[in-house]
Amino acid sequence: MEFSLTTEQQMMRKMIRDFADTYVAPTAAERDEQERFDRQIFLELSKLGLTGIPLPEAWGGAGADFLSYVIAIEELSKVCASTGVTLSVHISLVSWPLLQYGSELQKKKYLNSLTAGQKLGAFALTEPAAGSDVVHMKTTAEKKGQHYRLNGQKVFVTNGGEADLYLIFAQTDSTKKHHGLSAFIVEADTPGLTIGAGEKKLGIRSSPTTSLHLDQCMIPVSQRLGAEGEGFQIAMKTLDGGRMGIAAQAVGIAQGAFDYALSYACERKQFGQPIVKHQSIQAKLANMAIRIEAARLLTYQVGWLKDQKLPHAKQAAMAKCFAADTAVEVTTEAIQILGGYGYTREYPVERMFRDAKITQIYEGTNEIQRLVIAKHLQKERKQS
Ligand SMILES: Cc1cc2nc3c(=O)[nH]c(=O)nc-3n(C[C@H](O)[C@H](O)[C@H](O)COP(=O)(O)OP(=O)(O)OC[C@H]3O[C@@H](n4cnc5c(N)ncnc54)[C@H](O)[C@@H]3O)c2cc1C
């Protein structure tokens, strides 16, 4: 078993860390305050080859492994969780399914512009009455000759309004339940597609989140991703990879908060000595460090499994669940270590605390992850 990063992975981490510190971190608080998405950051990420990091060079990607992708999301999220999720959705939830399930024509049409960062992707599965239970979505795609007519509404779409390309899921036959969903590639300027107002959120406030409205939106059959009825399977496989990205985002948030809290504890004096000399603060820091290390190992394992083309659905659910809980716990403790200052917007741990919460909710809530894990455990027991 190999626990060290390759030279390439270490160099990649250093490059992303430098970029994150010099380009992303300085505006993170201001963008959060103003709830402002900055497309320029995404364009700068593309210059570093990060908008297509784990995609093959043949499609304009950097041809790096998924572990490098995990490291990229972690490093960006350490300073700005919004930037982390923008990239994670673009790669895991849009570019990857296109690579995996797209026809040659679809790949030629879209992949190079996605990996080059000329186009930004978004993934629209959730609906007002279908969150955890996506099979009961109401959006329909009715086949009319060489087109599908899409009608319905999607909610909570990350990159909504900024994306050039939406991967949208709809019912092609509601009687077939899991086999009645299909996926469609929809360009942002397609007539009948309108974008709702941005959500006012607790955290990741510089990542736009909107609803989508589909009103008689005509999509050529050639824009369907995969076979008709394959949508549920595409969504679930895609989310396995997505959860690895969210786990990496959570590890990054936790590490960012930990680093700040540790430095603060070494500087801040009370009762005549730095607070890091107090045992209860030391215990907090140790517990935080243990959890982050464990969350990182779980998350890197998923990257490794995906690189080996091995099954990773259970491990992705475990990593996402544990890393998200870790991010919430560690950011809470980071605020506690900073005392009253931690509670103010003068210090970044307050933003990190708000950003951490979403990792327990999106791409399948942690309650749903535990159901996924339990299902795998029962299946494994039967097989053993
Ligand atoms: C900021 C943000 C960005 C998002 N980005 C995207 C995106 O890009 N694309 C997209 O498609 N969606 C996105 N989502 C949606 C997100 O994935 C859903 O919010 C999430 O899956 C939960 O669905 P829900 O909100 O409808 O909650 P519900 O499904 O209504 O769940 C409510 C509560 O009930 C629990 N629950 C539900 N069913 C069960 C069960 N069987 N057992 C135990 N507990 C259960 C849940 O865990 C949760 O605690 C985003 C959401 C947010 C807030």
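All values reported here derive from a predicted model rather than from experimental measurement.

Caption draft 1: Here's a closer look at the site of the ligand. By nearness alone, 20 residues border the ligand, and Thr126, Ser132, Phe156, Thr158 and Thr365 come closest of all. With respect to the ligand, the side chain of Thr365 contributes an N or O atom lying 2.6 Å from an oxygen atom. Glu367 has a polar side-chain atom sitting 2.8 Å from an oxygen atom of the ligand. In isolation the ligand has 980 Å² of accessible area, and contact with the protein removes 65% of it. Contributing elements (two or more residues each) for the shell around the ligand: strand E1 (121-124), strand E3 (147-158) and helix H10 (366-383). Considered class by class, the residues forming the shell around the ligand number 11 nonpolar, 6 polar and 3 charged.

Caption draft 2: Summary view of the packing of helix H6 (residues 231-267) against helix H9 (residues 348-358). Closest axis-to-axis distance for the H6/H9 pair is 10 Å, and the angle between their directions is 155°. For the element pair H6 / H9, the angle class is roughly antiparallel. The way H6 lies across H9 gives a crossing that is left-handed. Residues Ile253, Gly256, Ala257 and Tyr260 of H6 pack against Pro348, Val349, Met352, Asp355 and Ala356 of H9. For the contact of H6 with H9, the per-class residue count stands at 7 nonpolar, 1 polar and 1 charged.

Caption draft 3: View of the domain arrangement of the chain. When its domains are assigned, the chain resolves into domain 1 (7-115), domain 2 (121-232) and domain 3 (239-383). Contacts between the two partners involve 7 residues from domain 2, matched on the other side by 9 residues from domain 3. Together domain 2 and domain 3 conceal approximately 630 Å² of surface at their shared face, both sides included; 66% is due to carbon and sulfur atoms. Counting the surface domain 2 buries against domain 3, the share from its top three residues, Ser132, Leu202 and Ile204, is 65%. Linking domain 2 to domain 3 there are 0 salt bridges. Connecting domain 2 to domain 3 are 2 residue pairs in polar contact (both at pLDDT 80 or more).

Reading the values: the criteria
- Residues numbered from 1 in each chain as written.
- Predicted model: local features only at pLDDT ≥ 70, side-chain atom pairs only at ≥ 80, totals over all residues.
- Heavy atoms only, no water.
- Near = heavy atom within 4 Å.
- Polar contact = N/O pair within 3.5 Å; in protein donor to acceptor, adjacent residues only side chain to side chain.
- Areas by Shrake-Rupley, 256 points an atom, 1.4 Å probe, with all protein chains shown as cover.
- Helix = DSSP H or I, 4+ residues; strand = E, 2+ residues; numbered from the N terminus.
- Nonpolar A, V, L, I, M, F, W, Y, C, P; charged D, E, K, R; others polar.
- Axes fitted to C-alpha atoms, helices over the stretch in contact; angles between N-to-C directions.
- Parallel < 35°, antiparallel > 145°, perpendicular 65-115°, else oblique.
- Left-handed = near helix turned anticlockwise from the far one by under 90°.
- Contact = heavy atoms within 4.5 Å.
- Domains from an automatic or database assignment.
- Buried area = accessible area lost by both parts, 1.4 Å probe.
- Salt bridge = Lys/Arg side-chain N within 4 Å of Asp/Glu carboxyl O.

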